[in-house]
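Topology and contacts: notes
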Amino acid sequence: MLEPLWSFLIVVLRTINFVLDILVTITRLQRLARLATGSDEIVEVPSEPKILPPAAQRAIAEAEQRRHDDPSSFDKPSSFDKYVSASRK
């Protein structure tokens, strides 16, 4: 009578140990990701970039036109550059 109880207890303890091992592995992988990326957060990136509204597209086009018309602006980076991705330049 005592032997099935012990075997059940051992199965429960092994299951708990297995779950804890999985949690520790996940935590270690998250720490590794933080070290590799230098980020404190895990961020999900959308599959498609958001399309800019027409007003924002017009503002970018006007800024690019002003930048294109002013030849001295090619020598110095503008504050506009830090807000525009490489695909928009």
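Coordinates for the structure precede this section.
Right, let's get into the overall build of the protein. If you tally the helices and strands in the protein, you get two helices and zero strands. Here the protein holds 89 residues, and the buried ones make up 6% of them. Summed over all atoms, the accessible surface of the protein reaches about 8600 Å², with 63% contributed by carbon and sulfur.

Glancing now at helix α1 (residues 2–37). Taking 1.5 Å per residue, 36 residues should reach 52 Å; α1 reaches 53 Å between its end C-alpha atoms and fits that length. Positive backbone phi, at 75 degrees, marks Gly-38, one or two positions downstream of α1.

About the thresholds
Residue positions are counted from 1 within each chain, in the order its sequence is given. With the structure being a predicted model, the display of local features is reserved for residues of pLDDT at least 70 and the display and counting of side-chain atom pairs for 80 or more, all residues being used for whole-chain, interface and lining totals. Values reported for side chains reflect all heavy atoms of the structure, with hydrogen atoms and water molecules removed beforehand. A run of H or I in DSSP counts as a helix once it spans at least four residues, and a run of E counts as a strand once it spans at least two, with each numbered from the N terminus. Burial status follows relative accessibility: with a 1.4 Å probe on protein chains alone, a residue under 20% of its type maximum counts as buried, one over 50% as exposed, and anything between as partly exposed. Note on areas: Shrake-Rupley with a 1.4 Å probe; residue coverage comes only from the protein chains shown. Here, expected helix span is obtained from the residue count minus one, scaled by 1.5 Å.

Worth remembering: the numbers are spatial, not functional.
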